Amino acid sequence: MRIDRLPTVDVDVLPDDPSPPDVWQERSACFGIDPDVFFPISEEEAGPALAFCSACTIRSECLSWALKNGERYGVWGGLTEQQRRRLTRQVA
Ligand code: SF4
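Residues numbered from 1 in each chain as written. Predicted model: local features only at pLDDT ≥ 70, side-chain atom pairs only at ≥ 80, totals over all residues. Heavy atoms only, no water.

**A short note on the packing of aromatic side chains**
Overall, the coordinates contain 1 aromatic pair when judged by the stated rule. Arranged with centres 5.9 Å apart and planes meeting at 50 degrees, the rings of Phe38 and Phe52 form a pair that is tilted. One end of the pair, Phe38, is in the loop between α1 (21–24) and α2 (47–54); the other, Phe52, is in helix α2, with 14 residues separating them in the sequence. Judged by relative accessible area, which is 28%, Phe52 ranks as partly exposed. (Phe/Tyr/Trp six-rings, centres within 6.5 Å; stacked < 30°, edge-to-face > 60°. Helix = DSSP H or I, 4+ residues; strand = E, 2+ residues; numbered from the N terminus. Buried < 20%, exposed > 50% of the residue type's maximum accessible area, 1.4 Å probe, protein only.)

So, in structure tokens, the structure goes:
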């Protein structure tokens, strides 16, 4: 699966002051899932993680946390690490 398109993300509606993961992880779609799923060895293998994110009710909180804390690795908030880098460059 090619993950080369950056999904539309309106950064203006992301929480300004996201809580840390220990506050919301039990409500996440990925709770209890093997963390390795969210750290694929390539962008092309991120599909399973992105499928969890697409069904997650706290995606905005997760993405905001990752962006504000400069999480470099893994899938957060429905974006791969490359997609977050591109998003960060777009809004800089
Ligand atoms: S958005 Fe994705 S990575 Fe973040 S908590 Fe939800 S399922 Fe997990």
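Now that the structure has been shown, the text picks up again.
**Some points on the environment of Trp65**
Mapped onto the fold, Trp65 is located in helix α3 (residues 59–68). Sequence separation between Trp65 and Trp76 is 11 residues; the distance between their C-alpha atoms is 8.6 Å. Leaving out residues up to four positions away in the same chain, Trp65 has contacts with Pro18, Ser19, Pro20, Pro21, Trp24, Glu71 and Trp76. (Contact = heavy atoms within 4.5 Å.)

**Quick word on the site of the ligand**
For the ligand, the full set of nearby residues is Trp24, Ser28, Cys30, Phe38, Phe52, Cys53, Cys56, Arg59, Cys62, Val75 and Gly77. Elements supplying a minimum of two residues to the shell around the ligand: α2 and α3. Looking at the shell around the ligand residue by residue, the classes come out as 8 nonpolar, 2 polar and 1 charged. (Near = heavy atom within 4 Å. Nonpolar A, V, L, I, M, F, W, Y, C, P; charged D, E, K, R; others polar.)

**So, α3**
Considered for burial, the residues of α3 that qualify are Glu61, Cys62, Leu63, Ser64, Trp65 and Ala66. Along its buried surface, α3 packs onto α1 and α4 (81–91). With its phi angle positive at about 60 degrees, Gly70 sits one or two positions after the end of α3.

**Remarks on the side chain of Glu61**
Summarising the element assignment, Glu61 is placed in helix α3. There is no salt bridge for the buried Glu61, and the closest opposite charge comes from Arg27, which lies 6.4 Å off by N-O distance. There is a polar contact of 2.7 Å between the side chain of Glu61 and the backbone nitrogen of Ser19. In this structure, Glu61 is in contact with Pro15, Pro18, Ser19 and Trp24, ignoring residues within four places of it in sequence. (Lys, Arg positive; Asp, Glu negative; His and termini not counted. Salt bridge = Lys/Arg side-chain N within 4 Å of Asp/Glu carboxyl O. Polar contact = N/O pair within 3.5 Å; in protein donor to acceptor, adjacent residues only side chain to side chain.)

**Side note on the packing of α3 against α4**
Packed helices, taken two at a time, are described by the angle between their axes plus the distance between the axes. The interhelical angle for the contact between α3 and α4, taken along N-to-C directions, is 70 degrees, at an axis separation of 11 Å. As the angle between them shows, α3 and α4 are arranged roughly perpendicular. Contact residues: α3 offers Leu63, Ala66 and Leu67, while α4 offers Arg84, Leu87 and Thr88. For the contact of α3 with α4, the class distribution of residues is 4 nonpolar, 1 polar and 1 charged. (Axes fitted to C-alpha atoms, helices over the stretch in contact; angles between N-to-C directions. Parallel < 35°, antiparallel > 145°, perpendicular 65-115°, else oblique.)

Don't take any of this as a statement about function, it's just geometry.
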